[in-house]
Amino acid sequence: MKTIWIYAFFILMTVAGGLVIGISNPPGEWYQALQKPFFNPPAYVFAPVWTILYVLIGIVGARAYLQRGPGDTLNLWFVQLGFNFLWSPAFFRLQSPAIALGVIVLLLISILALMMASRTRDRLSVWLLTPYALWVAFATLLNATIVFLN
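Report follows, based on the coordinates. The model shown is predicted, which means the values in this text are computed figures rather than measured ones. (Residues numbered from 1 in each chain as written. Predicted model: local features only at pLDDT ≥ 70, side-chain atom pairs only at ≥ 80, totals over all residues. Heavy atoms only, no water.)

### Some details on the packing of aromatic side chains
Cut-off, in case you're wondering: Think of it this way: a Phe, Tyr or Trp ring, Trp meaning its six-membered ring, pairs with another when their centres are within 6.5 Å, and the plane angle makes it stacked under 30 degrees, edge-to-face over 60, tilted otherwise. In our convention, an over-ring charge means Lys NZ or Arg CZ found within 6 Å of a ring centre and within 35 degrees of that ring's normal.
Per the stated rule, a full pass over the model turns up 17 aromatic pairs. Across from the ring centre of Y31, 4.6 Å away, lies the NZ or CZ of K36, which sits over that ring.

Put into structure tokens, the structure is as follows:
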């Protein structure tokens, strides 16, 4: 029963954190005025994609905690989550695609580091992180293109 509560805690913490960040950093008119590449997804795609990714991220956090407790893997999990939560304020609140690009590159590096740290002990977590890494790689390209276009 304790395991279920740990999973619930990590998932709810991650999803709720993402929701708060999203609500408190809306794109607004400034973002609408930016030149965006042809491959920019429609706005309605982001909320469901991020909700699914946050659930997967929460599961990985719970697994890291349950399997190894506090330590390097869980620290990496918190680092990537911190960069994740920092991106929206950097991009939308500061209205700085360039600063956000630096943040998202660090986010991608931290996700890959977490995957590497998990690869020998928890292959399932590596698979759970794969869609996240792919989405963030795509978002990095999108962010870089917005910097270039603007």
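### So, the environment of L128
Note the threshold: Only DSSP runs of H or I covering at least 4 residues are called helices, and only runs of E covering at least 2 are called strands; the numbering of each starts at the N terminus. For this analysis, residues touch if any pair of their heavy atoms sits within 4.5 Å.
Residue placement: L128 occurs in helix 6 (residues 123-149). As a C-alpha pair, L128 and V20 span 108 residues in sequence and 23 Å in three-dimensional space. Residues within four places of L128 in sequence aside, it is in contact with L56, I59, V60 and R63.

### Remarks on the environment of L66
Formally: When a residue's accessible area, from a 1.4 Å probe over protein chains only, is under 20% of the maximum for its type it is buried; when over 50% it is exposed; and in between it is partly exposed.
Here L66 is to be found in helix 3 (residues 43-68). The class for L66 is partly exposed, based on a relative accessible area of 34%. Taking the C-alpha atoms as reference points, L66 and R121, 55 residues apart in sequence, are found 12 Å from one another. Those residues within four positions of L66 in sequence are excluded, and the remaining contacts are T3, I6 and Y7.

### Quick look at the pattern of salt bridges
Rules: By definition here, a salt bridge exists when the distance from a side-chain nitrogen of Lys or Arg to a carboxyl oxygen of Asp or Glu is within 4 Å.
This structure, assessed with the given rule, holds 1 salt bridge. Its salt-bridge partner being R63, residue D122 comes within 2.6 Å of it at the nearest N-O pair. Linking D122 in the loop between helix 5 (97-118) and helix 6 with R63 in helix 3, this pair joins segments that are 59 residues apart in sequence. You can call D122 buried: its relative accessible area is 4%.

### Side note on the side chain of Q80
What counts, and what does not: Polar contact is the term for a pair of N or O atoms within 3.5 Å; when the atoms are in protein, one must be able to donate a hydrogen and the other to accept it, and sequence-neighboring residues count only if both atoms are side-chain atoms.
With respect to the element layout, Q80 can be found in helix 4 (residues 72-93). At a separation of 2.5 Å, a polar atom in the side chain of Q80 contacts the side chain of Y132. Residue contacts for Q80: discarding those within four places in its chain leaves I57, L107, S110, I111, L114 and Y132.

### Comments concerning helix 5
Counted only if it meets this: Helices are assigned an expected span. That span is 1.5 Å times one less than the residue count. Comment: arc refers to directions from the helix axis out to C-beta atoms.
Here helix 5 is 22 residues long and its end C-alpha atoms lie 31 Å apart, about the 32 Å a rise of 1.5 Å per residue gives. Along helix 5, the residues that are buried comprise P97, A100, V103, I104, L107, L108, S110, I111, L114, M115 and S118. The arc enclosing the buried residues of helix 5, seen along the axis, measures out at 165 degrees, which places them on a common side. In this structure, the buried side of helix 5 is in contact with helix 2 (28-33), helix 3, helix 4 and helix 6.

### Comments concerning helix 1 (residues 2-24)
The end-to-end C-alpha distance of helix 1 is 32 Å, a good match for the 33 Å that 23 residues give at a rise of 1.5 Å each. For helix 1, every residue scored as buried is listed here: I6, F10, T14, G17, G18 and I21. Where helix 1 is buried, its residues touch helix 3 and helix 4.

### A short note on the nonpolar core
For the record, the criterion: For our purposes a nonpolar core is just a set of buried Ala, Val, Leu, Ile, Met, Phe, Trp, Tyr and Cys residues, chained together by side-chain atoms within 4.5 Å.
Ranked by internal contacts, the top residues of the largest apolar core, which has 39 residues, are W50, W77, W87, F91, I111, Y132 and V136. Elements that contribute at least two residues to this core include exactly helix 1, helix 3, helix 4, helix 5 and helix 6. What W50 contacts, discounting residues up to four positions off in sequence, is N84, Y132, W135 and V136.

### What about unusual backbone geometry?
Positive phi, normally seen in glycine, also occurs at Q95, with a value near 50 degrees. Inspection of the secondary structure assignment puts Q95 in the loop between helix 4 and helix 5.

### Remarks on the packing of helix 4 against helix 6
Keep this limit in mind: Every axis in this analysis is a line fitted to C-alpha atoms, fitted for helices over the stretch in contact. Angles between the N-to-C directions lie between 0 and 180 degrees. Our angle categories are set so that under 35 degrees counts as roughly parallel, over 145 as roughly antiparallel, 65 to 115 as roughly perpendicular, and the remainder as oblique. Left-handed describes a crossing in which the near helix is turned anticlockwise from the far one by less than a right angle; the clockwise case is right-handed. When residue character is reported, Ala, Val, Leu, Ile, Met, Phe, Trp, Tyr, Cys and Pro are called nonpolar, Asp, Glu, Lys and Arg charged, and the others, Gly included, polar.
As a packed pair, helix 4 and helix 6 sit with axes 14 Å apart at the nearest point and diverge in direction by 30 degrees. In terms of orientation, helix 4 lies roughly parallel with respect to helix 6. Crossing geometry of helix 4 relative to helix 6 is assigned as left-handed. Residues Q80, N84, W87 and F91 of helix 4 touch helix 6, and the partners they reach there are Y132, N143 and I146. Split into classes, the residues belonging to the contact of helix 4 with helix 6 amount to 4 nonpolar, 3 polar and no charged.

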